[in-house]
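Chain by chain, the residues run as shown.
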Amino acid sequence: MKNNRVTSLFGIKYPIISGGMVWCSGWRLASAVSNAGGLGLIGAGSMHPEVLREHIQKCKAATDKPFGVNVPLMYPEIDTIMDIIVGEGVKIVFTSAGNPKTWTKKLQDHGIIVAHVVSSSKFALKCEEAGVNAVVAEGFEAGGHNGREETSTMVLIPQVRKSLSIPLIAAGGIGTGDGMLAAFALGAEGIQMGSRFALTQESSASKEFKELCIGLKEGDTMLSLKKLSPTRMIKNDFYNAVQTMEDRGASADEIRELLGRGRSKKGIFEGDLSNGELEIGQISSLIDDLPSAAKVVEDVIAEYNSKIDKLITADSKF
Ligand SMILES: Cc1cc2nc3c(=O)[nH]c(=O)nc-3n(C[C@H](O)[C@H](O)[C@H](O)COP(=O)(O)O)c2cc1C
């Protein structure tokens, strides 16, 4: 595959995107992925506006390739964030956690390409109606915040593909070339990986978090905080405290109080493995190393290419 709609849309070599991730994806990771031929995203979700500006400027200095910014739309200082993005000349924005109608047109009027992240085919169609340039459909294997319907990537991608005509990027549970090939077989034209890139040299997550994640086994992450915003995280003391409260029927307000502020920073960035909220996806059970981001891109493409060759031999047909 030389080019497809995703590589053409973003002007990149490989249809591999590193998802915006709180406390993981700063300019180092974004520029490393872009320099390797993918599309690196800076995760604005954990940045004060001026910190984001600094990351954008450093990313521009570190790569001459396309890169983008991920903006969760429930961000409190959203207007300031968008002004900075426009002012700094960012060309690609991936929005998430909100209504794509609110910002898509405004950003596109400044020549920005907009993709939006969804977890259902209903919202994928709303994205198309809102005029977004591409959709990221994310199954609930994914690390971090997830859809309430708990639809897996295997089911979500073909569902979305049936009705969507714009480029479709699959996310959730993909960390290898095999995974990429499976996503393409289901109708995706690009992949967004979060957990795999969170566990690289350039990710700004703490050493403690990364080392814990590469030792995880099947079943070590679960969806939690279902009364607030369902989030996939590692089963640790914080997770157990939430479960205990949920089991005794605690209200959303009580759980919000337990969550407090800064839990994901405490866990992912500061390495408090007991009290922090440790967001990572199911695919972590297949990850046991901390390579550079460039090596991840290279390995995923090499595996994709070698597996596709094996699949298309005549005797692989029934
Ligand atoms: C630590 C972590 C933080 C994340 N933060 C965000 C975020 O701020 N905004 C967002 O849209 N998605 C966020 N995500 C989701 C990723 O961008 C990506 O879509 C997801 O990780 C893909 O699934 P995977 O983890 O199975 O690769 C986060 C994921 C992780 C693991």
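Preceding this paragraph is the structure being described.
Residues numbered from 1 in each chain as written. Predicted model: local features only at pLDDT ≥ 70, side-chain atom pairs only at ≥ 80, totals over all residues. Heavy atoms only, no water.

A. Structural detail: the layout of surface pockets. Volume-wise, the second largest pocket comes out at about 310 Å³. Going through the elements one at a time, α2 (27-35), α3 (49-62) and α13 (263-269) are the ones with two or more residues in the lining of the second largest pocket. Considering only residue class, the lining of the second largest pocket consists of eight nonpolar, seven polar and three charged. (1 Å grid on protein atoms, 1.4 Å probe; cavity = no way out; pocket = protein on both sides within 12 Å on 5 of 7 lines; lining within 4 Å. Points joined across faces, edges and corners; volume = space filled by probe spheres on them. Helix = DSSP H or I, 4+ residues; strand = E, 2+ residues; numbered from the N terminus. Nonpolar A, V, L, I, M, F, W, Y, C, P; charged D, E, K, R; others polar.)

B. Local environment of the sheet that holds strand β5 (residues 113-118). As summarised here, the arrangement of the eight strands in space is β1-β2-β3-β4-β5-β6-β8-β9, forming a closed barrel in which the pairing is parallel. Averaged over all neighbouring strand pairs, the angle between strand axes comes to 25°, with direction disregarded. The sheet contact formed by strand β4 (residues 92-96) and β5 spans four bridges and is parallel. For Ile92, the partnering residue across the bridge sits in β5 and is Ile113. Lying on the sheet, helix α6 (residues 121-130) is in contact with β5 and β6 (134-138); it crosses β5 at an angle near 165°. (Pairing = 2+ DSSP bridges. Axes fitted to C-alpha atoms, helices over the stretch in contact; angles between N-to-C directions. Contact = heavy atoms within 4.5 Å.)

C. Highlighting the sheet that holds strand β11 (residues 231-234). Overall, antiparallel pairing links the three strands, which are arranged β7-β11-β10 in an open sheet. Every interior strand has two partners, whereas the edge strands, β7 (144-145) and β10 (221-224), have only one. Relative to β11, β7 is paired through two bridges, and the arrangement is antiparallel. Directly across from His145, in β11, lies its bridge partner Thr231. In the packing of helix α11 (residues 237-247) onto the sheet, contacts are made with β10 and β11, and the angle to β10 comes to roughly 40°.

D. Molecular detail of the packing of aromatic side chains. In this structure the tally under the stated criterion is three aromatic pairs. Taken together, a centroid distance of 5.2 Å and an interplanar angle of 40° make the contact between Trp23 and Phe269 tilted. In this pair, Trp23 sits in the loop between β1 (16-18) and α2 while Phe269 sits in helix α13, placing the two residues 246 residues apart along the sequence. Taken together, a centroid distance of 5.6 Å and an interplanar angle of 70° make the contact between Phe184 and Tyr304 edge-to-face. (Phe/Tyr/Trp six-rings, centres within 6.5 Å; stacked < 30°, edge-to-face > 60°.)

E. Local environment of the site of the ligand. What surrounds the ligand is a group of 20 residues, the closest being Glu138, Gly173, Gln192, Gly194 and Ser195. Side-chain polar atom of Ser96 to an oxygen atom of the ligand: 2.8 Å apart, as the coordinates give it. One of the side-chain N or O atoms of Gln192 is found 2.8 Å from an oxygen atom in the ligand. Look at the ligand: alone it shows 600 Å² of surface, and the protein chains cover 94% of it. Broken down by class, the residue content of the shell around the ligand amounts to eight nonpolar, ten polar and two charged. (Near = heavy atom within 4 Å. Polar contact = N/O pair within 3.5 Å; in protein donor to acceptor, adjacent residues only side chain to side chain. Areas by Shrake-Rupley, 256 points an atom, 1.4 Å probe, with all protein chains shown as cover.)

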